[in-house]
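Summary of structural features
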Amino acid sequence: MRILVTGSTGYIGSQLVQRLSQMPFQIRCLARDPDRIKDIKNTSIEIRRGDLLSYDGLRESFKGIDVAYYLVHSMNSKNDFERLECEAAKNFAQAAVENKVKRIIYLGALGSEKEGALSPHLQSRKKVGNILRDSGVQVIEFQASIILGAGSLSYEMIKALSEKLLVMIMPKWVSVKAQPISIKDVLDYLIQAIDLKVERNEIYEIGGPDQVSYKELIQEYSRQRGLKRFLIPVPVLTPWLSSLWLALVTPVYARVGRKLILSIKNPTLVKNDKALKVFPAIKPMKVSEAISLALKMN
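A brief report on the enclosed structure follows. The structure presented is a predicted model; accordingly, all values stated were derived computationally and were not measured.

**Comments concerning the overall build of the protein**
Within the protein, the regular secondary structure consists of eleven helices and eleven strands. In the protein, which comprises 298 residues, the proportion classed as buried is 54%. In the protein, the proportion of contacts linking residues at least 24 apart, taken out of those at least 6 apart, comes to 78%. Surface exposure of the protein reaches about 14200 Å², of which carbon and sulfur atoms provide 52%.

If you want it as structure tokens, here you go:
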């Protein structure tokens, strides 16, 4: 089995490569900056330089590939990230078709338009999935809410807020429900999808057993760290103003965090539990377990 991982320098992609490197696959990593691929102990892994926004450089990278992971996003971009995400997805899909890739595995996002207009971030995730499916290559898409793990954007935001602020103002959107999932469980789903026996495109909504808000995540993190924090609800702070406030606390995540904060107005809950039936060996852990595991990895 020959596997291509795009987004291999990102949080999900880098950990996926580490897991795949311990399995009997031929792995090729595609990265704009191969020097950022760290700690790969398996020297048989092939690393290619390439950019999904430049189609000419993709043809060779997809040659001979059976399964290709789409784990990239353009949230770091300064302008027009939605257009860039669509362009990257179209180039990826075209290269997959040209090289007769058998399966695409894509990690998308939960969020329903029935519960209100989607944020640009969530909308772009939906568009990417549609573009990949329109290619004709079989697509297995996993839709996830908040991913909890040491180094994930959401977890590091929760950690920074909890560690730095004794008193936190809690705007209304901080009470919007989500269904977090541990990074370990996400990786298990992504890996088991490689040889999943399905004949058509599939979308699986994945999440842990708990439906919680960011407020409750901050409270749970603070509880496990033994931190006494005061959370004050206020009705006036909009997601946009909150993102500016967040940038003061966690400046390293300012640009991506701002786009993420704007999407929190949408509930991100699992509505279809098909994944639990199709992947019975995966028992997603509770929020308390996921945070405990992340703390051990810090």
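More follows now that the structure is in view.
**Structural notes on the nonpolar core**
Ranked by internal contacts, the top residues of the largest apolar core, which has 36 residues, are Val-5, Leu-16, Leu-20, Tyr-69, Leu-107, Phe-142 and Leu-190. Elements represented by at least two residues in this core include exactly strand 1 (2–6), helix 1 (11–20), strand 2 (26–31), strand 4 (67–70), strand 5 (103–109), strand 6 (138–144), helix 6 (183–192) and strand 10 (202–206). Top element by residues in this core is helix 6. It accounts for six residues. Residues contacting Val-5, with those up to four places away along its chain left out, are Gly-13, Leu-16, Val-17, Leu-20, Ile-27, Arg-28, Cys-29, Leu-30, Tyr-69 and Leu-71. Of all hydrophobic cores here, the second largest spans 26 residues; its members include Leu-153, Leu-161, Leu-246 and Met-285.

**Digging into the environment of Leu-122**
Following the sequence through the fold, Leu-122 ends up in helix 4 (residues 120–134). C-alpha of Leu-122 to C-alpha of Gly-108: the two residues are 14 residues apart in sequence and 8.6 Å apart in space.

**Quick notes on the side chain of Glu-141**
Relative to the assigned elements, Glu-141 resides in strand 6. Since its relative accessible area comes to 1%, Glu-141 is described here as buried. Contact partners of Glu-141, with chain neighbours within four places excluded, come to Tyr-106, Gly-108, Gly-129, Arg-133, Glu-202, Ile-203 and Tyr-204.

**A word on the sheet that holds strand 5**
With respect to topology, seven strands assemble into an open sheet ordered 3-2-1-4-5-6-10, the strand pairing being parallel. Of all strands in the sheet, those with a lone pairing partner are strand 3 (46–49) and strand 10, marking the two edges. Going across the sheet, the axis of each strand differs from the next one's by a mean of 20 degrees, ignoring polarity. Bridge count between strand 4 and strand 5: four bridges; the pairing is parallel. Looking at strand 5, one finds that Val-67 is bridged to Arg-103. Lying on the sheet, helix 3 (residues 81–98) is in contact with strand 1, strand 4 and strand 5; it crosses strand 4 at an angle near 180 degrees. Along the sheet face, helix 6 touches strand 4, strand 5, strand 6 and strand 10 and points at about 155 degrees away from the line of strand 5.

What counts as what
Residues numbered from 1 in each chain as written. Predicted model: local features only at pLDDT ≥ 70, side-chain atom pairs only at ≥ 80, totals over all residues. Heavy atoms only, no water. Helix = DSSP H or I, 4+ residues; strand = E, 2+ residues; numbered from the N terminus. Buried < 20%, exposed > 50% of the residue type's maximum accessible area, 1.4 Å probe, protein only. Contact = heavy atoms within 4.5 Å. Areas by Shrake-Rupley, 256 points an atom, 1.4 Å probe, with all protein chains shown as cover. Core = buried A, V, L, I, M, F, W, Y, C linked by side-chain atoms within 4.5 Å. Pairing = 2+ DSSP bridges. Axes fitted to C-alpha atoms, helices over the stretch in contact; angles between N-to-C directions.

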